[in-house]
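Chain by chain, the residues run as shown.
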Amino acid sequence: MQENFSTLARIVSNRRTIKPQQMNGRKIDDAVIEQLIALADWAPTHGRTEPWRFYIFGGAKVAVFCKDHADMKRKAQPELTEDAWQKLSDMGTLASHVLLVVMRRGDLPKIPALEELAATAAAVQNLLLGAESLGIAAYWGTGGSVLQPEMKEYLHLGPEDQVLGALYLGYSDAPAKEGVRNTPLAEKMKWM
Ligand SMILES: Cc1cc2nc3c(=O)[nH]c(=O)nc-3n(C[C@H](O)[C@H](O)[C@H](O)COP(=O)(O)O)c2cc1C
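Residues numbered from 1 in each chain as written. Predicted model: local features only at pLDDT ≥ 70, side-chain atom pairs only at ≥ 80, totals over all residues.

1. Regarding helix H3 (residues 61–76)
Next up, step 1: Between its terminal C-alpha atoms H3 stretches 22 Å, which fits the 22 Å expected from 16 residues at 1.5 Å a residue.
Next up, step 2: If you check which residues of H3 are buried, you get Val 62, Phe 65, Cys 66, His 69, Ala 70 and Lys 73. Seen from one end, H3 has its buried residues packed into an arc of 135 degrees, which puts them on one side.
Next up, step 3: In this fold, the buried residues of H3 make contact with strand E1 (52–58), helix H4 (82–90) and strand E2 (97–103). (Helix = DSSP H or I, 4+ residues; strand = E, 2+ residues; numbered from the N terminus. Expected span 1.5 Å × (residues − 1). Buried ≥ 20, exposed ≤ 12 C-beta atoms within 10 Å, placed from the backbone. Arc of directions from axis to C-beta. Contact = placed C-beta atoms within 7 Å.)

2. A closer look at the site of the ligand
Next up, step 1: With respect to spatial proximity, the complete set of residues near the ligand consists of Arg 16, Thr 17, Trp 140, Gly 141, Thr 142, Gly 143, Gly 165 and Gly 179.
Next up, step 2: In the shell around the ligand, the residues fall into one nonpolar, six polar and one charged. (Near = placed C-beta within 6 Å. Nonpolar A, V, L, I, M, F, W, Y, C, P; charged D, E, K, R; others polar.)

3. Considering the nonpolar core
Taken as a class, soluble globular proteins show a tendency for nonpolar side chains to be buried jointly.
Next up, step 1: Counting residues in each nonpolar core, the largest one holds 38 residues, and the members touching the most others are Val 98, Val 101, Ala 138, Leu 167, Tyr 168 and Leu 169.
Next up, step 2: Sorting the residues of this core by element identifies helix H2 (30–40), E1, H3, E2, helix H5 (113–133), strand E3 (137–141) and strand E4 (162–170) as the ones contributing at least two each.
Next up, step 3: If sequence neighbours within four positions are ignored, Val 98 has contacts with Phe 57, Val 62, Phe 65, Gly 92, Ala 166, Leu 167 and Tyr 168. (Core = buried A, V, L, I, M, F, W, Y, C linked by C-beta atoms within 7 Å.)

So this is what it looks like as structure tokens:
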């Protein structure tokens, strides 16, 4: 049991955000992406709503998505600088896959949306931990238009659905970064 905890603790605490610019262009097998999503699927849910949905861009679709993202941002914000447009458009150049994570609101109104969001975030963490265990670099981004109405429209989502982020996945040669936590753990717990 202690061995299981040590293994899990190492994976959890070593997981770091690695930006797509630090990825190296090496591709992840699509089958591995599906294994990661299968881990995500084991997140807890209230009412067994399983609200997580993953929109997967791989291969040439990564560049298509990134350009579409840059274009939708420019359409929503015409004053967007050329540099900012280019940055979004190039965001996935060195990544292998981009996954848009969506909370799909189910038809159980007694489960509040907050709980559906929490469950979907738990699913993302499962996926990120699986990635860490396989040496896959991951970045959870919410910049650009990711959280905006234009992204919902792009994915043909319902009004109550919510995009939680874009996950850029790939491999990286960058040395592992030191983890940083600003608030001491003791300040985050209060024994009652
Ligand atoms: C919901 C969510 C949204 C995030 N969005 C961004 C983002 O838009 N840009 C960014 O640089 N990092 C983003 N991050 C990653 C955080 O910056 C990162 O998790 C934090 O710095 C802690 O670093 P670590 O993941 O290596 O522990 C996001 C993380 C979460 C959970």
